[in-house]
Amino acid sequence: MTASPIDADDERRRAVEELHDHLAGTAERPLDRTANRWIGEAQALAADLRTAPDDPDLVRKRAADIASLLAEVDDIDDPTANDHLTAAAELADRLQK
């Protein structure tokens, strides 16, 4: 079952905040440099979205970019970080639709 897209303004605003929070939740986890770089770039884009959650086109584009960056991260040996990354990837997927 695929998750439904997020298109309501309030839901999109909450999802953008949640996406950013999940990516920020990996910041203090012991990740390798490569994973950290991809996640850091995704987090920067998510932070940018927090200033413009009311622009659906921008949110879709940035969410697609975030999803692409997160797809580059291989499975990491940190269950907490993996949970955050899975949740962030799901939100990015829903936001880009």
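Residues numbered from 1 in each chain as written. Predicted model: local features only at pLDDT ≥ 70, side-chain atom pairs only at ≥ 80, totals over all residues. Heavy atoms only, no water.

Okay, the environment of alanine 64 next. By the element assignment, alanine 64 lies in helix H3 (residues 56-71). Residue alanine 64 is classed as partly exposed on the basis of its relative accessible area, which comes to 24%. Separated by 31 residues in sequence, alanine 64 and leucine 95 place their C-alpha atoms 8.0 Å apart. (Helix = DSSP H or I, 4+ residues; strand = E, 2+ residues; numbered from the N terminus. Buried < 20%, exposed > 50% of the residue type's maximum accessible area, 1.4 Å probe, protein only.)

Glancing now at the side chain of histidine 20. With respect to the helices, strands and loops of the structure, histidine 20 is situated in helix H1 (residues 9-24). Setting aside residues up to four positions removed in sequence, histidine 20 forms contacts with Gln43, Ala46, Ala47 and Arg50. (Contact = heavy atoms within 4.5 Å.)

Bringing the nonpolar core into the picture now. Counting residues in each nonpolar core, the largest one holds 25 residues, and the members touching the most others are Leu19, Leu23, Ile66, Leu70 and Leu95. Taken together, the elements giving at least two residues each to this core come down to H1, helix H2 (33-49), H3 and helix H4 (79-96). (Core = buried A, V, L, I, M, F, W, Y, C linked by side-chain atoms within 4.5 Å.)

Our next topic: a negative patch on the surface. Together, Asp32, Glu72, Asp74, Asp75 and Asp77 give the surface a local cluster of negative charge. With respect to the helices and strands, glutamate 72 occurs in the loop between H3 and H4. Relative accessible area serves as the criterion here: at 43%, glutamate 72 is assigned to the partly exposed category. (Patch = residues over 30% accessible without salt bridge, like charges linked within 9 Å, V, L, I, M, F, W, Y side chains within 5 Å. Areas by Shrake-Rupley, 256 points an atom, 1.4 Å probe, with all protein chains shown as cover. Salt bridge = Lys/Arg side-chain N within 4 Å of Asp/Glu carboxyl O. Lys, Arg positive; Asp, Glu negative; His and termini not counted. Charge placed at Lys NZ, Arg CZ, Asp CG, Glu CD.)

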